[in-house]
Amino acid sequence: QKEVEQNSGPLSVPEGAIASLNCTYSDRGSQSFFWYRQYSGKSPELIMFIYSNGDKEDGRFTAQLNKASQYVSLLIRDSQPSDSATYLCAPNTNAGKSTFGDGTTLTVKP
Amino acid sequence: DAGVIQSPRHEVTEMGQEVTLRCKPISGHNSLFWYRQTMMRGLELLIYFNNNVPIDDSGMPEDRFSAKMPNASFSTLKIQPSEPRDSAVYFCASKPIPGSPNYEKLFFGSGTQLSVL
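## A few points about the sheet that holds strand S6 (residues 54-58) of chain A
Residue and element names in this part refer to chain A.
(1) Moving on: Spatially, the five strands line up as an open sheet ordered S1-S3-S8-S7-S6, and their pairing is antiparallel. A single partner strand is all that each edge strand has here, and the edge strands are strand S1 (4-6) and S6. On average, adjacent strands in this sheet sit at an angle of 20 degrees to one another, irrespective of strand direction.
(2) Moving on: When strand S3 (residues 19-25) meets strand S8 (residues 71-76), the two strands line up antiparallel, connected through six bridges. In the sheet register, Thr24 faces S8, and the bridge partner there is Tyr71.

Here's what the structure looks like:
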């Protein structure tokens, strides 16, 4: 089993719709959870992080965490063409190790 | 701050040659990570250092790969001998000291595109 699994893509949504990205992780020692966005040909950049069970909202982005189910998700409301990118889930352990899922490629169609 | 600096940006070499990738982390950061990204395998963690000490190198694929961090401002990833299957984008990333702002955020360099012919 891979340490981090993300919903297989690619994911395509129309402009203005909600995009839902999912991630499960195997290491119960993971304490913090990060979502990175990577545009084609660029390096990953952090867009959201969450530490506690529940929801965390930042603008059009909402991260949801359920530690009991070892599940974290990212919702993007009012999706824009500029949101088209690959989204990477990255749980962190207490030791500071950062591993990534394979990513979900999102395309937002105008 | 100039961010994480990697060199070279592109490297084309022939199979069997030695390749050295370089990374300068952000000043004051005490953790440094080397990742490899391919279409098939995604973004793989190769090795990471805390305070210049290697903590976990379980992701290093083979003995052909080695990494060093002689001081807080410089790290190298060496492949000797290189093979075509090593072709990938290699990213270096650093993290701030625990307790500082954004201390769990990874700051990535622009990557090195390696092509082994």
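## Quick look at the interface of chain A and chain B
(1) Moving on: Between chain A and chain B, the residue contacts involve 18 residues of the former and 18 residues of the latter.
(2) Moving on: Carbon and sulfur atoms make up 50% of the area that chain A and chain B hide from each other, which totals about 1400 Å².
(3) Moving on: Three residues, Lys97, Ser98 and Phe100 of chain A, lead the burial of chain A against chain B; their summed loss comes to 29% of the area buried on that side.
(4) Moving on: Viewed at the interface, chain B and chain A are joined by zero salt bridges.
(5) Moving on: Counting across the interface, chain A meets chain B through eight residue pairs in polar contact (both at pLDDT 80 or more).
(6) Moving on: When residues in the side of chain A that touches chain B are grouped by element, the largest group, four residues, is from strand S4 (residues 30-38) of chain A.
(7) Moving on: Here the side of chain A that touches chain B is built from residues that sort into eight nonpolar, seven polar and three charged.

## With respect to the nonpolar core
(1) Moving on: Formed by 22 residues in total, the largest nonpolar core has its most connected members in Trp35, Val72, Leu74, Ile76 and Tyr87 of chain A.
(2) Moving on: Of all elements in the fold, only S3, S4, strand S5 (45-50), strand S7 (61-66), S8, strand S9 (85-93) and strand S10 (104-109) of chain A reach the threshold of two or more residues within this core.
(3) Moving on: Here Ile76 of chain A is in contact with Ala17, Ile18, Ala19, Leu21, Arg60, Phe61, Asp83, Tyr87 and Leu106 of chain A, once residues within four sequence places are set aside.
(4) Moving on: Val19, Cys23, Ile26 and Tyr90 of chain B belong to the second largest nonpolar core, which has 21 residues in total.

## Side note on the state of the cysteines
All names here are of chain A.
(1) Moving on: Here the structure, examined in full by the defined rule, presents two disulfides over all chains.
(2) Moving on: At a sulfur-sulfur separation of 2.0 Å, the disulfide partner of Cys23 is Cys89. Handedness here is read from the sign of the S-S torsion; for Cys23 and Cys89, about -70 degrees, the answer is left-handed. Of this pair, Cys23 sits in strand S3 while Cys89 is found in strand S9, placing the two residues 66 residues apart along the sequence.
(3) Moving on: Judged by relative accessible area, which is 1%, Cys23 ranks as buried.

## A look at the pairing of S5 of chain A
Residues and elements named next belong to chain A.
(1) Moving on: Of the strand pairs in this sheet, S4 and S5 are connected by five bridges, and their pairing is antiparallel. Along S5, the bridge assignment pairs Tyr36 with Leu46.
(2) Moving on: Between S4 and the antiparallel strand that follows it, S5, lie six residues; Gly41 among them carries a positive phi value of about 80 degrees.

## Side note on the packing of aromatic side chains
(1) Moving on: Under the definition given, this model contains twelve aromatic pairs over all chains.
(2) Moving on: Taken together, a centroid distance of 5.9 Å and an interplanar angle of 80 degrees make the contact between Tyr36 of chain A and Phe108 of chain B edge-to-face. Separated into two different chains, Tyr36 of chain A in strand S4 and Phe108 of chain B in strand S10 (residues 107-108) make up a pair that spans both.
(3) Moving on: The class of Phe108 of chain B is buried, set by a relative accessible area of 11%.
(4) Moving on: With a centroid separation of 5.3 Å and an interplanar angle of 85 degrees, the aromatic rings of Phe100 of chain A and Tyr35 of chain B are classed as edge-to-face. Here Tyr35 of chain B lies in strand S4 (residues 31-38) and Phe100 of chain A lies in the loop between S9 and S10, a pairing that spans two chains.
(5) Moving on: By relative accessible area, which is 8% here, Phe100 of chain A ends up buried.
(6) Moving on: Looking at Tyr35 of chain B, the relative accessible area reads 0%, which means it is buried.
(7) Moving on: If you follow Lys56 of chain A out to its NZ or CZ, it ends over the ring of Phe49 of chain A, 3.5 Å from the centre.

The rules behind the values
Residues numbered from 1 in each chain as written. Chains lettered and ligands numbered in written order. Predicted model: local features only at pLDDT ≥ 70, side-chain atom pairs only at ≥ 80, totals over all residues. Heavy atoms only, no water. Pairing = 2+ DSSP bridges. Helix = DSSP H or I, 4+ residues; strand = E, 2+ residues; numbered from the N terminus. Axes fitted to C-alpha atoms, helices over the stretch in contact; angles between N-to-C directions. Contact = heavy atoms within 4.5 Å. Buried area = accessible area lost by both parts, 1.4 Å probe. Salt bridge = Lys/Arg side-chain N within 4 Å of Asp/Glu carboxyl O. Polar contact = N/O pair within 3.5 Å; in protein donor to acceptor, adjacent residues only side chain to side chain. Nonpolar A, V, L, I, M, F, W, Y, C, P; charged D, E, K, R; others polar. Core = buried A, V, L, I, M, F, W, Y, C linked by side-chain atoms within 4.5 Å. Buried < 20%, exposed > 50% of the residue type's maximum accessible area, 1.4 Å probe, protein only. Disulfide = S-S within 2.5 Å. Phe/Tyr/Trp six-rings, centres within 6.5 Å; stacked < 30°, edge-to-face > 60°. Lys NZ or Arg CZ within 6 Å of the ring centre and 35° of its normal.

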